[in-house]
Each structure stands twice: as C-alpha cells, then as structure tokens.
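Residues per chain, in single letters:
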Amino acid sequence: MIQITIPTPNVSITKQINPELSHIYGFTDFHLISREVGGIYMFYNEQDELLFVGKARKLRPRIKKHFEDTVSPIKEHRDEVTRIDVCIVEDPTEREIYETYIINSLQAKYNVDKVFYK
C-alpha cells in the first residue's frame, strides 16, 4: 500500500472582516502566496470543511482566478471561503497525486473531477 501524507501548508490566509485594503472577497494577503511556484491549494469554510482543492503551476494567479472567473467550480460559493491553505509542490506529478488524494480522503465538497467517493 502507498502511504501519502497531506503536506503541511506553507502559507495560510484568512478572510478579513471589513478589510481596509483592496481585497477580493475579503482576502487581503494574496501577496504572501508566491507568484512563481507551483503547488496545491485548499479552500475551507468557517466550519473548517474542505470546499475545494486545486493545483497550479503558478499559485497566486490561479487562486485569484477562482474569485474572478465566471467558470470557476466555486463561483457560486465564493462567499463561503474563509481560509486558503497553500502547499508548495514543484513536481507536476506529485501535485496531481496530492490533489486527487486530498479530494477523496477529505471529500472536498465542490470538486467534481477526480472524485472516487459518492
């Protein structure tokens, strides 16, 4: 059996209430997420339920796109997101494995692809 351990987040940002700075859905700390590295990201709600897991070659632009896109799988649920955890994983194969594993082991609520539980 293969043992997979979910990586510890390198960065975790939380939604601000009434932020004074420019923000996207209450998030003001996108600058803490690297622009040039790849990895996986996880969106959580205030009950710490995993809402969505994704992977990206360049993390910050991809995460921000979820809050701006009209085709994002979480477009109807953006207001639910209160925390974003980011794990740097440079290897594309490892990103794919982690994403699939996390989606299924933690049963991400809004992921529809790569779901083996139902």
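Residues numbered from 1 in each chain as written. Predicted model: local features only at pLDDT ≥ 70, side-chain atom pairs only at ≥ 80, totals over all residues. Heavy atoms only, no water.

Further remarks concern the UniProt feature "domain: GIY-YIG" (unreviewed entry) in the protein. Per the UniProt annotation, the sites labelled "domain: GIY-YIG" (unreviewed entry) are residues 36–112. What you have in residues 36–112 is 29% helix and 25% strand, and the ends, taken at the C-alpha atoms, are 27 Å apart. (UniProt positions renumbered as here; feature names shortened; annotations may be inferred. Helix = DSSP H or I, 4+ residues; strand = E, 2+ residues; numbered from the N terminus.)

Reading across from one edge, β1-β4-β2-β3 is the order of the four strands in this open sheet, with antiparallel pairing throughout. Pairing within the sheet leaves two strands with one partner each, and these edge strands are β1 (11–14) and β3 (50–56). Averaged over neighbouring strand pairs, the angle between their axes works out to 15° when direction is ignored. Pairing geometry for strand β2 (residues 39–44) and strand β4 (residues 83–88), over six bridges, is antiparallel. When the bridges of β4 are listed, I40 appears paired with C87. Those strands touched by helix α2 (residues 92–105) are β2 and β3, and its axis lies near 170° from that of β3. (Pairing = 2+ DSSP bridges. Axes fitted to C-alpha atoms, helices over the stretch in contact; angles between N-to-C directions. Contact = heavy atoms within 4.5 Å.)

Moving on, we get to helix α1 (residues 59–66). Turning to α1, its buried residues are L59, R60, I63 and H66. Angular distribution of buried residues about the axis of α1 spans 120°; they occupy a single face of the element. (Buried < 20%, exposed > 50% of the residue type's maximum accessible area, 1.4 Å probe, protein only. Arc of directions from axis to C-beta.)

Another point: the nonpolar core. Among the nonpolar cores identified, the biggest contains 20 residues, and F30, F43, I63, F67 and I84 are the most heavily contacted of them. Listing elements by their share of this core, those giving two or more residues are β1, β2, β3, α1 and β4. Setting aside residues no more than four positions away along its own chain, F43 makes contact with E49, L50, L51, F52, I63, H66, F67, I74, V81, R83 and I84. Ranked by size, the runner-up nonpolar core spans twelve residues in total, among them Y44, V89, I102 and I103. (Core = buried A, V, L, I, M, F, W, Y, C linked by side-chain atoms within 4.5 Å.)

All right, on to the pattern of salt bridges then. Going through the model one piece at a time under the given rule, you end up with seven salt bridges. When the shortest N-O distance is used, the salt bridge between K114 and E96 registers 2.6 Å. Of the two residues, K114 sits in the segment after α2 while E96 sits in helix α2, which places them 18 residues apart along the sequence. The class for K114 is partly exposed, based on a relative accessible area of 27%. On the basis of relative accessible area, E96 is assigned to the partly exposed category, the value being 32%. Among the charged side chains, a network of salt bridges with common partners joins K55, E96, E99 and K114. (Salt bridge = Lys/Arg side-chain N within 4 Å of Asp/Glu carboxyl O.)

Glancing now at the environment of Q47. Note that Q47 resides in the loop between β2 and β3. Distance from Q47 to T82, taken between C-alpha atoms, is 9.1 Å for residues 35 residues apart in sequence.

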